[in-house]
Amino acid sequence: AQKITQTQPGMFVQEKEAVTLDCTYDTSDPSYGLFWYKQPSSGEMIFLIYQGSYDQQNATEGRYSLNFQKARKSANLVISASQLGDSAMYFCAMREAGGSQGNLIFGKGTKLSVKP
Amino acid sequence: NAGVMQNPRHLVRRRGQEARLRCSPMKGHSHVYWYRQLPEEGLKFMVYLQKENIIDESGMPKERFSAEFPKEGPSILRIQQVVRGDSAAYFCASSPQRVVDTQYFGPGTRLTVL
């Protein structure tokens, strides 16, 4: 079974609008972390935002926020006021605290295209 | 504070040759992870190392692949007798601690096997 599922292979958004990228996860570990990374066409992996399983509030970092719904096991990324430079692949990842050595498990990614 | 450094950025090898990929973690980071990204895929974990120790190599192919992180110098991912299926982007990430902290990625090495 997939541990991280990103159901949107591609998304389009108009510049200056908000967009939500979906991510659902599967784990029986009560302690885990959820991450979003951005991969532009140049190829590097850029860390965007982190949410811990015990965090009471949704994480925010500038224009990025994480809509964390623990009971539904979802950790959607919300990008507000989209910019042309936001066009990239976006990967959701999870790290389980117990029984592992901290390695990240990645989804297949969502390709976001921002239209002018 | 320099980020994670990887070199070379691009590497071309013929089938049967050896590929050596290098990774220098961020200053103060002693934990290194290697991941592989095949075309149109997410990253897949390969190996986790600390200085002079392999902690978890459960994602590493059993043959031809090896990794090290010596006391001095960068971490090395070595692929012997490369085959076309090894063509991929190889990313290194580092973190200061094992479980709690965010992993920061290097720019990756794009290996092409002819």
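To be clear, the structure that these remarks concern was listed above.
Considering the packing of aromatic side chains
Alright, step 1. Scanning the entire structure with this criterion turns up 15 aromatic pairs over all chains.
Alright, step 2. Taken together, a centroid distance of 5.8 Å and an interplanar angle of 75 degrees make the contact between Phe47(A) and Tyr104(B) edge-to-face. One end of the pair, Phe47(A), is in strand β6 (residues 46–52); the other, Tyr104(B), is in strand β10 (residues 104–105), on a second chain.
Alright, step 3. Measuring from centroid to centroid gives 5.4 Å for Tyr35(B) and Phe105(B), while their planes differ by 45 degrees, and the two rings are tilted. Of the two residues, Tyr35(B) is situated in strand β4 (residues 31–37) and Phe105(B) in strand β10; the sequence distance between them amounts to 70 residues.
Alright, step 4. Accessibility expressed as a relative area gives 0% for Tyr35(B), which makes it buried.

Focus on the nonpolar core
Alright, step 1. Counting 25 residues, the largest nonpolar core has Leu21(A), Tyr25(A), Trp36(A), Ile49(A), Leu77(A), Tyr90(A) and Leu112(A) as its most contacted members.
Alright, step 2. Mapped by element, the contributors of at least two residues to this core are β2 (10–14), β3 (19–21), β5 (32–39), β6, β8 (64–69), β9 (74–79), β10 (88–96) and β12 (110–115) of chain A.
Alright, step 3. The element that contributes the greatest number of residues to this core is β10(A), accounting for four residues.
Alright, step 4. Sequence-distant contacts of Leu21(A), defined by excluding residues within four places in its chain, comprise Gln8(A), Met11(A), Trp36(A), Asn76(A), Leu77(A), Tyr90(A), Thr110(A) and Leu112(A).
Alright, step 5. One finds Cys23(B), Phe65(B), Ile79(B) and Val82(B) within the second-largest nonpolar core, a separate group that totals 23 residues.

Thoughts on the state of the cysteines
Alright, step 1. This model, assessed by the stated rule, comprises two disulfides over all chains.
Alright, step 2. Note that Cys23(A) is cross-linked by a disulfide to Cys92(A), the S-S spacing being 2.0 Å. Disulfide Cys23(A)-Cys92(A): torsion about the S-S bond near -65 degrees, hence left-handed. Of this pair, Cys23(A) sits in the loop between β3 and β4 (24–25) while Cys92(A) sits in strand β10; the two residues are 69 residues apart in sequence, bridging distant segments of the chain.
Alright, step 3. Here Cys23(B) connects covalently by a disulfide to Cys92(B), the sulfurs 1.7 Å from one another. Of note, the bridge from Cys23(B) to Cys92(B) carries an S-S torsion of about -45 degrees and is left-handed in sense. With Cys23(B) in strand β3 (residues 19–24) and Cys92(B) in strand β9 (residues 88–95), the pair connects residues that are 69 residues apart, well separated along the chain.

Brief notes about the interface of chain A and chain B
The extent of an interface is frequently quoted as the accessible surface area lost upon association of the parts.
Alright, step 1. Facing the 19 residues of chain A at the interface are 23 residues of chain B.
Alright, step 2. Regarding the contact of chain A and chain B, the summed buried area is about 1700 Å², with carbon and sulfur atoms giving 52% of it.
Alright, step 3. The shortest N-O distance in the salt bridge between Lys108(A) and Glu41(B) comes to 3.2 Å.
Alright, step 4. Among the secondary structure elements, those contributing two or more residues to the side of chain A that touches chain B are β5, β6 and β10 of chain A.
Alright, step 5. In terms of residue count, the dominant contributor to the side of chain A that touches chain B is β5(A) (three residues).
Alright, step 6. By residue class, the composition of the side of chain A that touches chain B is nine nonpolar, seven polar and three charged.

Basis of the calculations
- Along each chain, numbering runs from 1 in the same order as the chain's sequence is written.
- Chain letters and ligand numbers both follow the written order, the letters beginning at A and the numbers at 1.
- Given that the model is predicted, a residue must reach a pLDDT of at least 70 before its local features are reported, and side-chain atom pairs must reach 80 or more before they are shown or counted; all residues, however, enter totals for whole chains, interfaces and linings.
- With hydrogens and water excluded, all non-hydrogen atoms of the structure serve as input to the side-chain values.
- Here a pair means two rings of Phe, Tyr or Trp (six-membered ring of Trp) with centres within 6.5 Å. Their orientation is stacked below 30 degrees between planes, edge-to-face above 60, and tilted elsewhere.
- By definition, any uninterrupted DSSP run of H or I lasting at least four residues is a helix, any uninterrupted run of E lasting at least two residues is a strand, and each is numbered from the N terminus.
- Residue burial is assigned from relative accessible area. The probe radius is 1.4 Å, only protein chains are included, and a residue is buried under 20% of its type maximum, exposed over 50%, and partly exposed in between.
- We define the nonpolar core as a collection of buried residues of types Ala, Val, Leu, Ile, Met, Phe, Trp, Tyr and Cys that are connected through side-chain atoms lying within 4.5 Å of one another.
- Any two residues whose heavy atoms approach within 4.5 Å are treated as being in contact.
- Disulfides are defined as pairs of cysteine sulfur atoms found within 2.5 Å of each other.
- Buried area: the accessible surface (1.4 Å probe) lost by two parts on joining, summed over both.
- When a carboxyl oxygen of Asp or Glu lies within 4 Å of a side-chain nitrogen of Lys or Arg, that pair is called a salt bridge.
- By the convention adopted, Pro, Cys, Tyr, Trp, Phe, Met, Ile, Leu, Val and Ala count as nonpolar, Lys, Arg, Asp and Glu as charged, and the other residues, Gly among them, as polar.

Such coordinate-based values are descriptive only and should not be taken to indicate function.
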